[in-house]
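Okay, here's what each chain looks like letter by letter:
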Amino acid sequence: MSAAALCVLVTPSAAGNAWQEVLVARAVQLGWPVTDMAANPDALATTGLVFVQSHLAMLGFPISARVVIVDTTATDTVDPGQPASPHIVAIRSQVLVEAEMAAAAGAAVLNAARYVLNVPVMGSVERREGAPYRIHPSVSESPLAYFDDTAPGTFANWSPRWFAYTNGFEGTEDEPRIDMTGRMRPMVHGPYLHLPAGRWKVDLNFTVDPEKAHAPLLFEWGSGVEFCRIMTEIRYRGAYSVSLDRIWEEPDAVQLRIWPAHPVFEGQFGFRGCRVTRMAMDDPSPLTPTDRIVDAGVI
């Protein structure tokens, strides 16, 4: 009789941490070895209880022995009184992408919100205490909310707080205002969160005061060196919106970049964040061009 083996990927959350502790306790009770490859990537284990954070690490196990435990993205493991840092959110996005790919490869998906799980190989497991949901009161929606439902049309709102600002900003991190005066440079970039492969659209909102001049703006949506681009020239003070739509062949950390299209002498830019939406691959609407710059519509 072959030795028991169970490979588990737990996504970060208070409930997820509790499940990891419960599974370890059950494995010890059963006399199984426990290996955490997430903490020790050089570890090699094919039997017992094995925790991973990579879908590739799960492929060495039978499909019937692969488990993903996921929680709502509104929960987190940090102080619930403070919004999670961009670094924490970026790491979590990568783990969630790995979990999604593991599920696509056949891993069983279990809901961390439950108090009893029927775990493959191991059987029924219960957690009785702790692991309450801790939703940040200052963040109304997770920037990773599109992982809560992988169907096309799911979206997440990305607050300005998740982005970086090359020369800083005035105002608050939720309503930053940027002086456009100066050379061409990415005024706004980030947030370097990982998206799964697929088609993703970003709709962003901003304000512009060209200060009696004009504001030539370039918007880019992509990763690495692969971006789609649109450009527009704003001549009147007001609120505007643009959209960019692109396909990712592979998961990657994404960027939205906003530039003055050439050096300007004056002007104020206000960033209001954006919405990122999963699109169906067969959606008939055209993709944003990747090989040329076009004028953007503004409203």
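Everything below is about the structure shown above.
Residues numbered from 1 in each chain as written. Predicted model: local features only at pLDDT ≥ 70, side-chain atom pairs only at ≥ 80, totals over all residues. Heavy atoms only, no water.

Caption draft 1: Summary view of the pairing of strand 18 (residues 252–260). With eight of nine residues buried, strand 18 lies mostly within the body of the structure. The pairing of strand 13 (residues 191–195) with strand 18 spans three bridges and is antiparallel. Its bridge partner lying in strand 18, proline 191 is registered against glutamine 255. Here strand 15 (residues 215–223) pairs with strand 18 via six bridges, running antiparallel. (Buried < 20%, exposed > 50% of the residue type's maximum accessible area, 1.4 Å probe, protein only. Helix = DSSP H or I, 4+ residues; strand = E, 2+ residues; numbered from the N terminus. Pairing = 2+ DSSP bridges.)

Caption draft 2: Broad picture of the packing of aromatic side chains. By the definition in use, this model includes ten aromatic pairs. Ring geometry for tyrosine 146 against phenylalanine 147: centres 5.0 Å apart, planes inclined by 50 degrees, an arrangement best described as tilted. For arginine 127, the ring lying beneath its charged end belongs to tyrosine 115, and the centroid distance is 4.0 Å. Over the ring of phenylalanine 147 we find arginine 278, and its NZ or CZ is 6.0 Å from the ring centre. (Phe/Tyr/Trp six-rings, centres within 6.5 Å; stacked < 30°, edge-to-face > 60°. Lys NZ or Arg CZ within 6 Å of the ring centre and 35° of its normal.)

Caption draft 3: How the structure looks around the environment of valine 34. Within the secondary structure layout, valine 34 lies in strand 2 (residues 34–36). For valine 34, a relative accessible area of 36% corresponds to the partly exposed category. In this structure the C-alpha to C-alpha distance between valine 34 and valine 50, which are 16 residues apart in sequence, comes to 5.9 Å. Those residues in contact with valine 34, other than ones at most four positions away along the chain, are Val24, Ala27, Leu49 and Phe51. (Contact = heavy atoms within 4.5 Å.)

Caption draft 4: Spatial organisation of the pattern of salt bridges. Taken as a whole and assessed by the stated rule, the structure comprises eight salt bridges. With a shortest N-O distance of 3.0 Å, arginine 161 and aspartate 174 are connected by a salt bridge. Here arginine 161 is found in the loop between strand 8 (155–158) and strand 9 (164–165), whereas its partner aspartate 174 is found in the loop between strand 10 (170–172) and strand 11 (175–179), with 13 residues between them in sequence. Its salt-bridge partner being arginine 199, residue aspartate 245 comes within 2.8 Å of it at the nearest N-O pair. Highlighted residues: aspartate 245 in strand 17 (residues 238–248) and arginine 199 in strand 14 (residues 198–209), separated in sequence by 46 residues. (Salt bridge = Lys/Arg side-chain N within 4 Å of Asp/Glu carboxyl O.)

Just distances and angles here, no functional claims.
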